[in-house]
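So you can see what is in the structure, the chains are spelled out below.
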Amino acid sequence: MPPSSVSSTDSTKSTTGGVQSLERAFDLLERMADAGGEVGLSELSASSGLPLPTIHRLMRTLVVCGYVRQQANRRYALGPRLIRLGESASRLLGTWARPYLARLVEETGETANMALLDGDEIVYVAQVPSKHSMRMFTEVGRRVLPHSTGVGKALLANTPDHEVRALLARTGMPAATEKTITTADGFLAALEDVRRLGYAIDDNEQEIGVRCLAVSVPNSPTAAAISISGPAGRVTESATDKIVPVLQQVAGELSEALASQNPA
């Protein structure tokens, strides 16, 4: 890795016992992500409260290292080297989640999954299969569109309507089955149900004969959801009443575990 160009005055210890320049650099990266991935120095200064010379030194180092790139318009964008880190972190997130998914399988009897929102798509990052001979199987790494999945609904439930419409316009809404929601208004109505009920349902929408129940993982470092899926004959309305509280409890515990990986 190229040597850091941050001055020694930026590398003093922080009040948390860490290295101040590192804390500031990661804070700037997160602010860039929150702003959509591209910002100007003045915007970063206004949001972070750091002086422009300090931000300029930090950004220059991040550019040299490949984590940030400078655009032709002089604004800064997240760099390609972050992709490798993100992909590795996503795989680890699935690894950390597996014991919690195993608990879901033990308590519900159905296959448990974890999925993330990656761009406009849903990607499955972990799965623990049911012990039933008839069970659902989704390949880890598989990508699907959000509109036909329970995890997609759970992940998009709190996204502003105009952003959801824009996503659906980009991906289209092809029908996987005759029960797939294929209109933006229908999908937004389904998201309203998710907010009202506290969980999402895929009722034969991705595959006939399969029902899925999903909830988001609160305060996850990246948008994540967990779900159970099984034959419609087992994941019935009465079973839903028993499964959803387990899903919500496990999601809360997973959220706490992920937070403990990065203590304040």
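An account of the accompanying structure is given in this report.

Calculation rules
Residues numbered from 1 in each chain as written. Predicted model: local features only at pLDDT ≥ 70, side-chain atom pairs only at ≥ 80, totals over all residues. Heavy atoms only, no water. Patch = residues over 30% accessible without salt bridge, like charges linked within 9 Å, V, L, I, M, F, W, Y side chains within 5 Å. Areas by Shrake-Rupley, 256 points an atom, 1.4 Å probe, with all protein chains shown as cover. Salt bridge = Lys/Arg side-chain N within 4 Å of Asp/Glu carboxyl O. Helix = DSSP H or I, 4+ residues; strand = E, 2+ residues; numbered from the N terminus. Buried < 20%, exposed > 50% of the residue type's maximum accessible area, 1.4 Å probe, protein only. Pairing = 2+ DSSP bridges. Contact = heavy atoms within 4.5 Å. Axes fitted to C-alpha atoms, helices over the stretch in contact; angles between N-to-C directions. Core = buried A, V, L, I, M, F, W, Y, C linked by side-chain atoms within 4.5 Å. Polar contact = N/O pair within 3.5 Å; in protein donor to acceptor, adjacent residues only side chain to side chain. Parallel < 35°, antiparallel > 145°, perpendicular 65-115°, else oblique.

### Notes on a nonpolar patch on the surface
Taken together, the side chains of Val19, Leu22 and Phe26 make up a nonpolar region of the molecular surface, amounting to roughly 280 Å² of accessible area. With respect to the helices and strands, the residue Leu22 is situated in helix α1 (residues 20-34). For Leu22, a relative accessible area of 48% puts it in the partly exposed group.

### Focus on the sheet that holds strand β1 (residues 38-39)
Two orientations exist for strands paired in a sheet by backbone hydrogen bonds: parallel and antiparallel. The strand order across the open sheet built from 3 strands is β1-β3-β2, with neighbouring strands paired in antiparallel fashion. In the strand order of this sheet, the two ends are held by β1 and β2 (68-70), each with one partner. Each of β1, β2 and β3 (76-78) touches α1; the most contacted strand, β3, lies at about 90 degrees to it. Along the sheet face, helix α3 (residues 52-65) touches β2 and β3 and points at about 105 degrees away from the line of β2.

### As for the nonpolar core
Counting 29 residues, the largest nonpolar core has Leu101, Leu104, Met114, Leu213, Ile226 and Leu247 as the members making the most contacts within it. Considering every element that reaches this core, the biggest residue donor is helix α8 (residues 237-260), with 9 residues. In contact with Leu101, not counting residues within four places along its chain, are Ala112, Asn113, Met114, Ala126, Gln127, Val128 and Ile226. Membership of the second largest hydrophobic core comes to 16 residues, among which are Met32, Ile55, Cys65 and Tyr76.

### Here's the deal with the environment of Ser148
Within the secondary structure, Ser148 sits in the loop between β6 (143-144) and α5 (150-156). Separated by 32 residues in sequence, Ser148 and Thr180 place their C-alpha atoms 5.7 Å apart. Non-local contacts of Ser148, meaning those with residues more than four positions away in its chain, are made with Thr180, Asp202, Glu205 and Gln206. At a separation of 2.5 Å, a polar atom in the side chain of Ser148 contacts the side chain of Gln206.

### Let's talk about the packing of α1 against helix α2 (residues 41-48)
Two elements in contact, α1 and α2, have axes separated by 11 Å at closest approach and are oriented at 110 degrees. Taken together, the axes of α1 and α2 are roughly perpendicular relative to one another. The residues of α2 that touch α1, namely those facing Asp27, Leu28, Arg31 and Met32, are Leu44, Ser47 and Ser48.

So far we have only geometry, and geometry alone does not tell us how the molecule works.
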